[in-house]
Amino acid sequence: MAAASATHHRDLRTGRSIWSARRRPAISSKPLTRDIVCDAVVVGAGVSGALIAEALSEAGLRTVIVDRRGPAEGSTAASTAMLQYELDTPLSLMAARIGREKAERIWRRSRQAVDALRERTERLGLAVDGATRGSIYLDGNVLDADGLAREADARRRAGFEVELLKPAAVLERYGIKGRHALIGFGNYSADPRRMTLGYLNAAIARGARLYSPVDICDIDAREDGVTLHSARGPEIRARHVVMATGYEMMKGIPRKGNRIISSWSIATRPQPRAIWPTAAMIWEAADPYLYIRTTPRGEVICGGEDEEIADAGERDAKLPGKIRTLSRKLAALLPGIDATPVHGWAGSFGDSPVGTPTIGRIPRMPNCYAAMGYGGNGITFSMMAAQMLRGLICGYGDPDADLVSFHRKF
């Protein structure tokens, strides 16, 4: 009888994402056939695990990565990879909930994470179809025109550069009718699968080892180290363990109010001549909201229609209807775009009460850490986790760890 897994198994995506249609870079992965010893184990070879493993390997730790599927085979391939510093919860509303000082610190750290991800990716020379893009944040049922103006004030007070536009300017500049908009700058987009494999390969080049498929069925965490037991028998002994299993989080880890939701996405044919000026990312101050980005080839990716659905069967049954809805909404917002879907897919993602991740030491599990990138800024939070966990594991800490720890009060 097979041993039970230490993580919750989920069917994380369905359909064919735009990234799955692209050729993936080669990567060296092998089965775990014997007991091994290392400094750090990263459980999960998606984008979070890749960024964390690369950071730990650069810090000089003997690093091992394991995944029960294979690299970039979970939620990563379903991400739309809009790597924004702007959190789903507007700064003005977050400040009202948790206080201005904490809200501004979280937003600033998110901006630093986006900048660091872009700079690190370029420094490593990774080909990820990366592009720096602004953002067009449209009024909606969460922030109306007055709310968008208050949000602009909150961001300016925190040190962010923004521009507030009235509908006539939005129409003239971007061809979007009847909407107020808050313009942001300095976000990033990429191919999430190529990014994941690029960072894993960078870690492997420094001596990290990647094993898959490996399903961890038990973790024995003690003050002197951690032993991971795999379902097929071999054990891994490490000084530190990082759980980066995305939305299949380890059983027994505190949830901090996080929950699984479903999201749907489409992508069009390449149409570079039809793209709006600046090719800025577009999203709405609405619930549920629409979000739109382009690729360097001129494809348009549109996602949203999120629902609080954790069941994969229920999520997948809605895919045909959601594809039609997204195509219709895309065409209505941007009439100059051919909104015919070439790709359509669904994915399970995580949400959190304030739109922030949970990163840090796992309570009552010595030497164990978690990177729970719940909230709408998954890959931005992945980079934040890589920075913070490197600091915590290497002993020099992180000035913002309190904002996302398991012990925070919000």
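Note that the structure is a prediction, hence the values are computed from the model and not measured. (Residues numbered from 1 in each chain as written. Predicted model: local features only at pLDDT ≥ 70, side-chain atom pairs only at ≥ 80, totals over all residues. Heavy atoms only, no water.)

1. Examining the overall build of the protein
When helices and strands are counted, the protein shows 9 helices and 18 strands. A compact globule built from 410 residues would reach a C-alpha radius of gyration of about 22 Å, and the protein, at 21 Å, matches this within 12%. Summarising its shape, the C-alpha atoms of the protein cover approximately 65 × 45 × 40 Å along the three principal directions. Going through the 410 residues of the protein one by one, you find that 60% of them count as buried. Sequence-distant contacts, at least 24 apart, represent 77% of the contacts inside the protein between residues at least 6 apart. By element, 48% of the accessible surface of the protein is carried by carbon and sulfur atoms, the whole surface being about 16,000 Å². (Helix = DSSP H or I, 4+ residues; strand = E, 2+ residues; numbered from the N terminus. Rg over C-alpha atoms; globule rule 2.2 N^0.38 Å. Buried < 20%, exposed > 50% of the residue type's maximum accessible area, 1.4 Å probe, protein only. Contact = heavy atoms within 4.5 Å. Areas by Shrake-Rupley, 256 points an atom, 1.4 Å probe, with all protein chains shown as cover.)

2. So, the packing of helix α1 (residues 47-58) against helix α3 (residues 100-123)
Helix-helix packing is characterised by the crossing angle of the two axes and by the distance between the axes. Closest axis-to-axis distance for the α1/α3 pair is 13 Å, and the angle between their directions is 65°. Like other packed secondary-structure pairs, α1 and α3 cross with a definite hand, here left-handed. Across the interface between the two elements, Leu51, Glu54, Ala55 and Glu58 of α1 pack against Leu117, Arg120 and Arg123 of α3. In terms of residue class, the contact of α1 with α3 is made up of 3 nonpolar, no polar and 4 charged. (Axes fitted to C-alpha atoms, helices over the stretch in contact; angles between N-to-C directions. Left-handed = near helix turned anticlockwise from the far one by under 90°. Nonpolar A, V, L, I, M, F, W, Y, C, P; charged D, E, K, R; others polar.)

3. Here we look at the nonpolar core
Ranked by internal contacts, the top residues of the largest apolar core, which has 59 residues, are Ile52, Met195 and Leu389. Ranked by residue count, the leading element in this core is helix α9 (residues 378-394), at 10 residues. Those residues in contact with Leu389 that sit more than four places away from it in its chain are Ile52, Val242, Ile359, Gly360, Tyr369, Ala370 and Ala371. (Core = buried A, V, L, I, M, F, W, Y, C linked by side-chain atoms within 4.5 Å.)

4. Thoughts on the pairing of strand β5 (residues 131-138)
Across the 8 residues of β5, 6 count as buried, placing the element largely inside the fold. Pairing of β5 with strand β7 (residues 181-189) involves 7 bridges; the strand directions are antiparallel. Note that in β7 the partner of Arg133 across the bridge is Asn187. Pairing between β5 and strand β13 (residues 281-284): 4 bridges, direction parallel. Directly across from Ile136, in β13, lies its bridge partner Ile282. (Pairing = 2+ DSSP bridges.)

5. Focus on the side chain of Asp400
Position of Asp400 relative to the elements: it lies in the segment after α9. A polar contact is formed between the side chain of Asp400 and the side chain of Arg105, at a distance of 3.2 Å. With sequence-adjacent residues up to four places away left out, Asp400 is seen in contact with Arg105, Arg109 and Met388. (Polar contact = N/O pair within 3.5 Å; in protein donor to acceptor, adjacent residues only side chain to side chain.)

6. Focus: the pattern of salt bridges
Scanning all chains against the criterion turns up 33 salt bridges. With a shortest N-O distance of 3.3 Å, Arg111 and Asp115 are connected by a salt bridge. Pair noted here: Arg111 and Asp115 are both in helix α3, with a separation of 4 residues, about one helical turn. Between Lys318 and Glu307 there is a salt bridge, with the nearest N and O atoms lying 3.7 Å from each other. On the criterion of sequence distance, the pair formed by Lys318 in the loop between α7 (312-317) and α8 (319-333) and Glu307 in strand β15 (residues 300-307) is long-range, its members being 11 residues apart. One salt-bridge network, held together by shared partners, links Glu54, Glu58, Arg120, Arg123, Arg206 and Arg390. (Salt bridge = Lys/Arg side-chain N within 4 Å of Asp/Glu carboxyl O.)

So, to be careful, I would describe these as geometric facts and stop short of saying anything about function.
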